[in-house]
Amino acid sequence: MNDIGILGGGISGLFAGRFLGDGSEVLERSDRPGGLARSFGERGFRSDIGGHILFSKDKEALAHSLAVLGSNVRNGTRANRILYNGLHVKYPFENGIDALPPEERLDIVIDFIENPHRETPTNFREWMYHVFGDALTNKYLLPYNEKIWKTAPEEMSLEWVGRVPRPPLRDLVKTAIGIGTEGYTHQLHFQYPAEGGFEAFPQAVAQGLGKRLTTGFDIARIVPVDGGWGVLSKDGEERRYRELVSTIPITALFDVLDGVPENVRSAAKALRFNSLRVALIGVEGESLPEYTALYVPDPRTIYHRVCFNHVFSPDLVPSGHQSVSCEITVKPGSELDQWSDEQILDRSVDDLVREGVIEREKIVHREVHRERLAYVIYDTGYADRVRVVREYVESRGIHLAGRFAEYQYVNTDACVRRTLDLAQQLRGGLAPEARL
Ligand SMILES: Cc1cc2nc3c(=O)[nH]c(=O)nc-3n(C[C@H](O)[C@H](O)[C@H](O)COP(=O)(O)OP(=O)(O)OC[C@H]3O[C@@H](n4cnc5c(N)ncnc54)[C@H](O)[C@@H]3O)c2cc1C
């Protein structure tokens, strides 16, 4: 019997393997590890599954991420814009309002100061008005968030809003009178793999695991055996472990774990999420703007964000070409969920052309990537459901780590942090080869 079995080989599973070291093993269904952190593309055009960059307030987690990339790294500076009434406004919106007409700037500042929404917010809609005031909310935050979440903001809870910082009044006034400011400074400067797309990051972790990573292992059943666990693949292979760390989505875990009570199973099933389509469009020539991304709150446009891949790394495009990746969230079961790849591409191209982002005649490549589980939605029942699910898994002695395993809206830095903490808990520290 091996020591620790790690289910799933995305960033969480791979770092769990790295930090837990010898005696631990990672089992991944797909033929390539990396999960959401993989990249896709053909004919020299590459895209991530939605724009991915490395940044963090957690310096230790970031240092571990950069340590695995070694010299395959390039430094980037955020150059995002928001398409608002035909203007390209600097991101975040509140730090770009100097691009707006004076009357709109005035409304934003006055509504922020004289905000009548004083009462403690109980849902996401109330929170936006409470924190930002009417004008900032109505012009940008509300339409953008309705578009990305495809969920009424009054049905969303507040567990996740710590991710969205409140602008200091001084910065808002400075911006309004034309003195440049920066917001979300923790992600102003970032790192990105020089070669191989974001997937080079999980690949680098995987390389260090060697034979301790098994790909093509599609977990079909998990059963208690001799005080430990038996993990069976769809091909009938069995591995045995003393302990399990699960990084696969919680619903996938319950599909393969025996004995889950009905109330726990239904709590997991009721957890909500959005899917994602990424439309990768390659163009001839080098005339696209040097933006990292363009945010589009306009509800008439299908995508909410467009990433300019050559700005992340020239390695993502063939020489003499550039590309954009349009991110489109999809509510499972909605009409949009039924759209074919061609429909997604045609509509993305129409919108890109109408908004002046690309010229139709320069398009030389089009493809779509689909991802079912992309965004965790914090609806009003979220906290109770997640508590029921996590407490149950804990009672079975299985450790959860990761975005859809723990069911939270986290980036790779939080996945690295969780697995650092797990290594401390299970081993009393990091495997020697993983120490910085
Ligand atoms: C659009 C978008 C943009 C993002 N931007 C950033 C960013 O800029 N920076 C950042 O740091 N993070 C970003 N993230 C978040 C980041 O991608 C995730 O937090 C991270 O990749 C999650 O890793 P994970 O290992 O927890 O989960 P996953 O990547 O979901 O990995 C789970 C793994 O389990 C495997 N699996 C599932 N079922 C089975 C089974 N039955 N048997 C075996 N294996 C199985 C899957 O194949 C997968 O490899 C972004 C995410 C999205 C969607």
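Quick caveat, the model's predicted, so the values are computed rather than measured.

**Concerning the pattern of salt bridges**
By the definition in use, this model includes 34 salt bridges. A salt bridge links Lys234 to Asp218; the nearest nitrogen and oxygen atoms lie 3.4 Å apart. Residue Lys234 is located in the loop between strand E11 (228-233) and strand E12 (238-246), and its partner Asp218 is located in the loop between strand E9 (213-214) and strand E10 (219-225); the two are separated by 16 residues in the primary sequence. The closest approach of N and O atoms between Arg370 and Asp341, which form a salt bridge, is 2.7 Å. Taken together, the residues Arg370 in strand E17 (residues 363-377) and Asp341 in helix H10 (residues 341-354) connect sequence positions 29 residues apart. Classification of Arg370 as partly exposed rests on a relative accessible area of 37%.

**Description of a nonpolar patch on the surface**
Together, Ile113, Leu169, Val173, Ile177 and Ile179 give the surface a local cluster of nonpolar side chains, amounting to about 430 Å² of exposed area. Relative to the elements of secondary structure, Ile177 occurs in the loop between helix H5 (169-176) and strand E8 (189-192).

**Section: the domain arrangement of the protein**
For the protein, the domain assignment lists domain 1 (2-74 + 194-265 + 379-434), domain 2 (95-178) and domain 3 (272-377). Spacing between the C-alpha centres of domain 1 and domain 2 amounts to 35 Å. Counting from both sides, the interface comprises seven residues of domain 1 and, opposite them, eight residues of domain 2. In total, domain 1 and domain 2 occlude about 600 Å² of area from one another, counting both sides; carbon and sulfur atoms represent 55% of this. Area buried by domain 1 at its contact with domain 2 is led by Asp379, Thr380 and Tyr409, which between them contribute 74% of it. Our count for the contact surface shared by domain 1 and domain 2 stands at two residue pairs in polar contact (both at pLDDT 80 or more).

**A look at the packing of aromatic side chains**
Throughout the structure, instances matching the rule amount to 24 aromatic pairs. Geometrically, the ring pair formed by Tyr291 and Phe308 is edge-to-face, given 5.9 Å between the ring centres and 90° between the ring planes. One end of the pair, Tyr291, is in the loop between strand E13 (272-284) and strand E14 (293-295); the other, Phe308, is in strand E15 (residues 305-308), with 17 residues separating them in the sequence. The class for Tyr291 is buried, based on a relative accessible area of 14%. You can call Phe308 buried: its relative accessible area is 0%. Aromatic side chains Phe404 and Tyr407 sit 5.5 Å apart centroid to centroid with 85° between the ring planes, which places their arrangement in the edge-to-face category. Neither Phe404 nor Tyr407 differs from the other in exposure class; each is buried. An aromatic cluster is defined as three or more aromatic residues linked by ring pairs; in this entry it consists of Phe15, Phe19, Phe190, Tyr192, Phe198, Phe201 and Phe312. For the cation-ring pair, Arg403 lies above Tyr375, with the distance from its terminal atom to the ring centre recorded as 5.6 Å.

**Regarding H10**
For H10, with 14 residues, the first-to-last C-alpha span of 20 Å sits near the 20 Å given by 1.5 Å per residue. Residues of H10 that are buried: Ile344, Leu345, Ser348, Val349, Asp351 and Leu352. One side of H10 holds all its buried residues, which, seen down the axis, span an arc of 165°. In the core, the buried residues of H10 are packed alongside E13, E15, strand E16 (321-330) and E17.

What counts as what
- Residues numbered from 1 in each chain as written.
- Predicted model: local features only at pLDDT ≥ 70, side-chain atom pairs only at ≥ 80, totals over all residues.
- Heavy atoms only, no water.
- Salt bridge = Lys/Arg side-chain N within 4 Å of Asp/Glu carboxyl O.
- Helix = DSSP H or I, 4+ residues; strand = E, 2+ residues; numbered from the N terminus.
- Buried < 20%, exposed > 50% of the residue type's maximum accessible area, 1.4 Å probe, protein only.
- Patch = residues over 30% accessible without salt bridge, like charges linked within 9 Å, V, L, I, M, F, W, Y side chains within 5 Å.
- Areas by Shrake-Rupley, 256 points an atom, 1.4 Å probe, with all protein chains shown as cover.
- Domains from an automatic or database assignment.
- Contact = heavy atoms within 4.5 Å.
- Buried area = accessible area lost by both parts, 1.4 Å probe.
- Polar contact = N/O pair within 3.5 Å; in protein donor to acceptor, adjacent residues only side chain to side chain.
- Phe/Tyr/Trp six-rings, centres within 6.5 Å; stacked < 30°, edge-to-face > 60°.
- Lys NZ or Arg CZ within 6 Å of the ring centre and 35° of its normal.
- Expected span 1.5 Å × (residues − 1).
- Arc of directions from axis to C-beta.

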